[in-house]
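Tertiary structure, described
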Amino acid sequence: MAAVMQQAAAGGRVATRGAIKIEDVVKIYDPEGAAVMAVDHCSLDIAAGEICMVVGPSGCGKTTLLNAIAGFHEITSGRITLDEEVLCSAEQPKAEPGSDRIVVFQNGALFPWKTNLENVAFGPIMQGKLTRLEATEKALSMMADAGLSGVEHNYPGEVSSGVRRRVEIVRALMNEPRVLLLDEPYRALDSLTKSVMHEALLEIYYKNKVTIFFITHDLEEAIFLGHKVAIMTTRPCRPKKVLEVDIPHPRDYSVLTSKRFRELIDETNEAVHEEALKAFAAGEKEG
Ligand SMILES: Nc1ncnc2c1ncn2[C@@H]1O[C@H](COP(=O)(O)OP(=O)(O)O)[C@@H](O)[C@H]1O
Ligand SMILES: [Mg+2]
């Protein structure tokens, strides 16, 4: 509810779809063999149009959870619903992947032989949802909204990684998904580029209210962007603490120096650090 009110305050349309419920999800890899438990009775509610940040140490099970929502692999038990439709459960352990849930990959997946504009317009043309002309017009307008005017006719290899990441997000949004799934998208970027990307992502979000499930291990990034921050335990993961970030949207970089932001960092830092130490002691590596 808080997220919906914050969105209304941000002056955009309020999202009515894209609510995710993760209910008691367990994921055990290789149950007959090594039996690696990655997710342990994890429950998390994400409201329609909410930005939910998932923070946790390397190897704790974050990507596993994202893959279950996306339909890339099975869960062992529990249930995940999207707008009250069951995506996966004990009976039907693997969700059907679909264009209602789009993953933006860490290492990007733009076609290098297509221009940025062609990349953005590609999906709806391929799926027969829009004509080439319609898709191109929509792509141009969304790219302009996302601050990508001027790079439409460049190839992905000709622009910075920050610009490429923005192109990828706009390309994902062309399909009007209910949910965007982001797995540490800014991890490889330097901190200055990252800060520009955060504001750019929020700008794009204010114009396209989708639910965002965003994995990071950067607590500041999580609190700056999120309506909600789920701090996960070390493997097997489940939320250790779920923080509602009571800083109103729209946000910009002045938030970073605000008293409330620092207080929220202080409140959560210990929980994050504690889990990082446990992961370190257990010798967890990135999965
Ligand atoms: N396909 C797999 N088979 C077996 N173990 C896996 C597989 N994928 C991931 N794991 C293990 O599951 C745990 C969680 O991995 P992952 O979800 O990728 O963590 P994170 O994204 O939080 O770094 C890790 O211990 C990893 O080694
Ligand atoms: Mg991961």
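This structure is a prediction, so every number in the text was calculated from the model and none was measured. Within every chain, residues take consecutive numbers counted from 1 along the sequence as written. Written order decides the labels, with chains lettered from A and ligands numbered from 1. At least 70 in pLDDT is required for a residue's local features to be given in this predicted model, at least 80 for side-chain atom pairs to be given and counted, and no such filter applies to totals for whole chains, interfaces and linings, which use all residues.

**Quick notes on the sheet that holds strand E2 (residues 36–46)**
The antiparallel open sheet is built from four strands, whose spatial order is E2-E1-E4-E5. Strand pairing shows two members of the sheet lacking a second neighbour, E2 and strand E5 (85–89), which therefore form its edges. With strand direction ignored, the average angle separating the axes of adjacent strands in the sheet is 20°. The pairing criterion for strands is at least two bridges between them, as found by DSSP. Runs of E in the DSSP output that reach at least two residues are strands. Runs of H or I that reach at least four are helices, and both are numbered from the N terminus. Sheet analysis places strand E1 (residues 20–29) next to strand E4 (residues 77–82), joined by five bridges and oriented antiparallel. Note that in E4 the partner of Lys-21 across the bridge is Thr-81. Here an angle of 0 to 180 degrees is reported between the N-to-C directions of two axes, which are lines fitted to C-alpha atoms, with helices fitted over the stretch in contact.

**Thoughts on the nonpolar core**
Each nonpolar core consists of buried Ala, Val, Leu, Ile, Met, Phe, Trp, Tyr and Cys residues. Their C-beta atoms, within 7 Å, join them into a set. Working definition of burial: number of other C-beta atoms within 10 Å of the residue's own, with buried at 20 or more, exposed at 12 or fewer, and partly exposed in between, all C-beta atoms being placed from the backbone. Core analysis: the largest hydrophobic core is formed by 73 residues, its most contacted members being Ile-69 and Val-170. For this core, the element with the highest residue contribution is helix H5 (residues 161–173), accounting for six residues. With near-sequence residues (within four places) excluded, Ile-69 lies in contact with Ile-20, Ile-80, Leu-87, Ala-95, Arg-101, Leu-181 and Phe-213. We call two residues in contact when their backbone-placed C-beta atoms lie within 7 Å.

**Examining the packing of helix H3 (residues 116–126) against H5**
At a minimum axis separation of 7 Å, H3 and H5 run at an interaxial angle of 25°. Put simply, H3 runs roughly parallel to H5. Crossing of H3 against H5: the hand is right-handed. Residues Asn-116, Asn-119, Val-120 and Gly-123 of H3 touch H5, and the partners they reach there are Val-167, Val-170 and Arg-171. Under the scheme applied, nonpolar residues are Ala, Val, Leu, Ile, Met, Phe, Trp, Tyr, Cys and Pro; charged residues are Asp, Glu, Lys and Arg; polar residues are all the others, including Gly. A class-by-class count of the residues in the contact of H3 with H5 yields three nonpolar, three polar and one charged. An angle counts as roughly parallel when it lies under 35 degrees, as roughly antiparallel when it exceeds 145, as roughly perpendicular when it falls between 65 and 115, and as oblique in every other case. What makes a crossing left-handed is the near helix being turned counterclockwise from the far one by less than a right angle; a clockwise turn instead makes it right-handed.

**Quick notes on the environment of Val-26**
Mapped onto the fold, Val-26 is located in strand E1. Along the chain, Val-26 and Pro-112 lie 86 residues apart, while their C-alpha atoms are 38 Å from each other. Apart from the residues within four sequence positions on either side, Val-26 is in contact with Val-39, Asp-40, His-41, Ile-75, Thr-76, Ser-77 and Gly-78.

**Re the packing of H3 against helix H4 (residues 132–145)**
Contact pair H3 / H4: the axes reach a minimum separation of 8 Å and the direction vectors enclose 130°. By the angle class used here, H3 and H4 are oblique. For the element pair H3 and H4, the recorded crossing hand is right-handed. Along the contact surface, H3 presents Leu-117, Val-120, Ala-121, Pro-124 and Ile-125, while H4 presents Arg-132, Ala-135, Thr-136, Ala-139, Leu-140, Met-142 and Met-143. Split by residue class, the contact of H3 with H4 holds ten nonpolar, one polar and one charged.

**Details of unusual backbone geometry**
Across the junction of Arg-235 and Pro-236, the peptide omega takes the value -5°, indicating a cis bond. On the secondary structure map, Pro-236 appears in the loop between strand E9 (228–232) and strand E10 (239–244). In this chain, His-249 is followed by Pro-250 through a cis amide linkage whose omega measures -5°. The phi dihedral of Asp-30 is positive, around 50°, even though this residue is not glycine. Along the chain, Asp-30 falls in the loop between E1 and E2. Take Asp-30: there are 8 C-beta atoms within 10 Å of it, and that puts it in the exposed class. The backbone of Ala-35 shows a phi angle near 50°, a positive value even though the residue is not glycine. If you trace the backbone, Ala-35 turns up in the loop between E1 and E2.

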